[in-house]
Each structure stands twice: as structure tokens, then as C-alpha cells.
Amino acid sequence: FVLSGFSKDPELQHLLFFTFCLIYTITIIGNLLIFMITVHPSFCVPMYFFLRVLSILDVSTASIVVPKMLVNFLSEDRSISYMGCATQLYSVIFLGATEWYLLAAMAYDRYMAICNPLRYAVIMNNRVFVSLVLLSCCSGNVVSVVQTAWVFSLSFCGPRKVNYFFCDIPPLIMLSCTDTSSYEKQIITATVLVIFTPFCLILVSYACIISSVLKISSAEGRHKTFSTCSSHLTVVTLYYASGTLIYLQPKSSNSQDTKKVLAVIYTTIIPTLNPLIYSLRNKEVKGVLIKII
């Protein structure tokens, strides 16, 4: 296959290269710092185990997509092998689906911490945290294996030019010369199950959290918790909304440019924002960061 990328303008290619190179560098440094900070003995709370896993997922997602994209900005040869394309598709879906489920698990953890503080340490022990992470990974793997197998069971004929900057489901099925209507219905069903189900769980968790917060007599306590919830929900909404809009209309040629922008958001922008949103706004995290520096 040949990845078309964003533009053929040579001057724009160099600008895009430096832009995404900077974003990728910030992503790697930010998430590695969060990983190092949460390993510190001060953060033995199991919640920070989720943050370490989230950092690994964000770095992995960016590393699967961005390096190949950077090479293509400076090279005339934008080809990717059949097996390389399949591997990239599997990895992106696996990491994305795992993060969707992990975000739901994190919302449930916050619900237990705020709404059931006295039972939190008993219910959310280390074994439960590890089980939730493993369940998220296993679910993501199943989704990825099924979707990748279905995509590459299609027959590809004619031009192999992928109108995208990495191998993803919507641009690949547009190259198929077979009828993909039944497969597109399956994608929509999978999108509802994989994206909307955990998103609904997140909304229910935060609704319960907000209900509990409203009962707090301290205005400062309410403001602090609402601030945390709004930050989390902002990232969650960006992540889930971009994924939904991409996969609900997998073969819509009119929206390919829009899908590229949405794909940039969830593969490069959100991994850059996550360290700031989830950790660096925390005073304890910033204190340990200063000590490490």
C-alpha cells in the first residue's frame, strides 16, 4: 500500500514534519515523566497504577503512527508492506480499544473513591486493579484481532493508494473491490459496543460523582472535585467523539479529510494532553516532579 498523507506540497511537508516531531517529542517526554513520577514511593495508591498503564498506551499509540508519518513527510517513497499495514492496523485498534475500556475503569475507580470512601481500600485493592487492566487489554485484543482479520479478508484490487497517514479501517475498505455493505454494518455494531458502552459507564459514574459532590458542604471541596471531573470528561469526550465519528461512516469518501483531522486528535493530540490533564494538574504530582528535577 501507499500512504498519501496530508499534502503533496513540499514546503508544507517540512512544516508538518517539524510540527508533528515537536508534538511527538512532547508526548514521549510528558508520558515518561508521568510514568517515572507515579513509580515514586509517594504514589503507592492503586489509582496511579492506571495512570502508568495509560502513559504506556499513549506512548505506544503515538509510536505506532507518528514515526512512519514523519518519514513519509521527507520521503517520496510512502509505501508500506501488506504485513506492515496489517500490523499497524492491529496495533492502533488494540491500543485504542484498550484505552477506551481503561478510561471506563478509571471512571469507576473515581466513583468508588468519592462515593464510597470508607470501603474504597477494601473494594479497589491491587488484585482488582490488575484484573481491570488485564480485562481491558484482553477485550482490546479480541476487538483488534476480529477487525483486522475481517479487513484483510477483503479483496484489494486496482490502486493501492491509502488516502490516510496510517493504515486504518475506513480508508482500507474503500480500496476493496468486493461488496463491503455487510462489513460496514458490522463496524457500526462494533463501534456501538466498543465505544458507546464504556462511554455510557463513564457518564453514569460521573453522574453519581456529581450527585455526591453536590452534597459536600464545603464550596472549595465541590469546586476542586468538579474541576477534576470536567478535565477528565473533556479528554474522554474528545477521545470517544473522534473515534465515533471516524468509524460510524467507514466508507464515506466525502469526509476523509475530516477523518484525518479526527485521527490526528486521538493518535497524537490526546496522548500529548493526557499527562497534563490527568496528572500534572495534581499538586502532589507536581511536588514530586520538582523533587525529581
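Only a predicted model underlies this, so the values are computations on that prediction, with no experimental measurement involved. Here the residue numbering is sequential within each chain, running from 1 through the sequence in written order. In view of the model being predicted, local features appear only for residues whose pLDDT reaches at least 70, and side-chain atom pairs are presented and counted only at 80 or more, with totals across whole chains, interfaces and linings using the full set of residues. For side-chain calculations, the full set of non-hydrogen atoms in the structure is used, while hydrogens and water are omitted.

Time to look at the overall build of the chain. Labels follow the DSSP assignment, with helices taken as runs of H or I lasting at least four residues and strands as runs of E lasting at least two, numbered in each case from the N terminus. Per the secondary structure count, the chain includes ten helices and two strands. Mapped in sequence order, the helices and strands of the chain form the string β-α-α-α-α-α-β-α-α-α-α-α. Classification of the 293 residues of the chain by burial places 48% in the buried group. Residue pairs in contact within the chain that sit at least 24 positions apart in sequence constitute 78% of those at least 6 positions apart. Only the protein chains shown count as cover for residues, and the accessible areas themselves come from Shrake-Rupley with a 1.4 Å probe. Carbon and sulfur atoms make up 68% of the accessible area of the chain, which amounts to about 14100 Å² in all. Whether a residue is buried, partly exposed or exposed follows from its accessible area with a 1.4 Å probe, protein chains only, as a fraction of its type maximum: under 20%, in between, or over 50%, in that order. By definition in these notes, contact holds between two residues if any of their heavy atoms fall within 4.5 Å.

Now for empty space enclosed by the protein. Put simply, the grid is 1 Å and covers the protein atoms alone, a cavity is a trapped set of points that fit a 1.4 Å probe, a pocket is an open set with protein on both sides within 12 Å along at least five of seven lines, and lining residues have an atom within 4 Å of a point. Grid points are joined across faces, edges and corners, and a volume is the space filled by probe spheres set on the points. Inspection of every chain in the model, using the stated rule, returns four cavities of 30 Å³ or more. The calculated volume of the largest cavity comes to roughly 170 Å³. Listing elements by their share of the lining of the largest cavity, those giving two or more residues are α3 (82–115), α5 (126–151) and α7 (181–213).

Okay, the UniProt feature "transmembrane region" (unreviewed entry) in the chain next. UniProt positions are given in the numbering used here, feature names are shortened, and annotations may be inferred rather than shown by experiment. Per the UniProt annotation, the sites labelled "transmembrane region" (unreviewed entry) are residues 15–37, 49–69, 89–108, 128–152, 187–214, 226–249 and 261–280. For residues 89–108, the end-to-end C-alpha separation is 29 Å, with 100% helix and 0% strand making up the annotated structure. Measuring from the first to the last C-alpha atom of residues 128–152 gives 36 Å, for a span that is 96% helix and 0% strand.

All right, on to the layout of surface pockets then. Here the second largest pocket is characterised by a volume of approximately 260 Å³. Every residue lining the second largest pocket is counted, 14 residues in all, and those nearest its centre are Y101, A104, A105, L132 and L201. Of all the elements in the fold, those that place two or more residues in the lining of the second largest pocket are α3, α5 and α7. Tallied by class, the residues present in the lining of the second largest pocket amount to ten nonpolar, four polar and no charged. Gly is put with the polar residues, along with every residue not named as nonpolar or charged; the nonpolar set is Ala, Val, Leu, Ile, Met, Phe, Trp, Tyr, Cys and Pro, and the charged set is Asp, Glu, Lys and Arg.

A cluster of nonpolar residues, F35, V39 and I56, forms a patch on the protein surface that exposes about 250 Å² of accessible area. Following the sequence through the fold, F35 ends up in helix α1 (residues 10–39). Surface patches are defined over residues having more than 30% relative accessible area and no salt bridge, joining like charges when they lie within 9 Å and nonpolar side chains (Val, Leu, Ile, Met, Phe, Trp, Tyr) when within 5 Å. Whenever Lys or Arg places a side-chain nitrogen within 4 Å of a carboxyl oxygen from Asp or Glu, that contact is recorded as a salt bridge.

So, on to α5. The terminal C-alpha atoms of α5 lie 38 Å apart, and with 26 residues this matches the ideal 38 Å at 1.5 Å per residue to within 8%. Every buried residue of α5 is listed here: F129, V133, S136, G140, V143, S144, Q147, T148 and V151. For α5, the secondary structure elements touched by its buried residues are α2 (47–74), α3, α4 (120–123), α6 (169–173) and α7. Here a helix's expected span is defined as the number of its residues, less one, multiplied by 1.5 Å.

What follows concerns the state of the cysteines. Put plainly, two cysteines are in a disulfide when a covalent bond ties their sulfur atoms together. Only a pair of cysteine sulfur atoms within 2.5 Å qualifies as a disulfide here. Scanning all chains against the criterion turns up one disulfide. Note that C85 is cross-linked by a disulfide to C167, the S-S spacing being 2.0 Å. Since a negative S-S torsion denotes a left-handed disulfide, the C85-C167 link at about -120° is left-handed. Pair noted here: C85 is in helix α3 and C167 is in the loop between β2 (161–162) and α6, with a separation of 82 residues, a long-range link. Of the two residues, C85 and C167, neither departs from the other in class, the shared state being buried. Not engaged in a disulfide, the cysteine C208 finds its nearest cysteine sulfur in C115; these two sulfurs lie 5.9 Å apart.

To characterise two packed helices, one gives the angle between the axes of the helices and the distance between these axes. Look at α1 against α2: their axes get within 9 Å of each other, and the N-to-C directions meet at 160°. Overall, the two elements α1 and α2 adopt an arrangement that is roughly antiparallel. Here α1 and α2 pass one another in a crossing that is left-handed. Grouping the constituent residues of the contact of α1 with α2 by class yields 20 nonpolar, eight polar and two charged. Note on definitions: angles span 0 to 180 degrees between N-to-C directions of axes, and those axes are lines fitted to C-alpha atoms, for helices only across the stretch in contact. Orientation labels follow simple angle bins: below 35 degrees gives roughly parallel, above 145 gives roughly antiparallel, 65 to 115 gives roughly perpendicular, and whatever is left gives oblique. Each crossing gets its hand from how the near helix is turned against the far one by less than a right angle, where anticlockwise is left-handed and clockwise is right-handed.

On to the packing of α3 against α5. Running from amino to carboxyl end, α3 crosses α5 at an angle of 145°, the nearest separation of the two axes being 7 Å. In this structure, the crossing between α3 and α5 has a hand that is right-handed. A class-by-class count of the residues in the contact of α3 with α5 yields 16 nonpolar, eight polar and one charged.

We now examine the packing of aromatic side chains. Geometry of aromatic contacts follows a simple scheme: Phe, Tyr and Trp rings, the Trp one being its six-membered ring, pair when their centres are within 6.5 Å, and the pair is stacked under 30 degrees between planes, edge-to-face over 60, tilted otherwise. Per the counting criterion, the structure on display carries 17 aromatic pairs. Ring plane angle 80° and centroid distance 5.4 Å describe the contact between F17 and F18, whose orientation is recorded as edge-to-face. Geometrically, the ring pair formed by F199 and Y240 is tilted, given 5.3 Å between the ring centres and 40° between the ring planes. Of the two residues, F199 sits in helix α7 while Y240 sits in helix α8 (residues 219–247), which places them 41 residues apart along the sequence. Accessibility assignment for this pair places F199 and Y240 in one class, buried. Sitting over a ring, as applied to charges here, requires NZ of Lys or CZ of Arg to be within 6 Å of the ring centre and within 35 degrees of the ring normal. Just above the ring of F1 sits the side chain of R160; from NZ or CZ to the centre is 5.8 Å.

Scanning the entire structure with this criterion turns up one salt bridge. Measuring nitrogen to oxygen at the nearest pair gives 2.9 Å for the salt bridge that ties D109 to R110.

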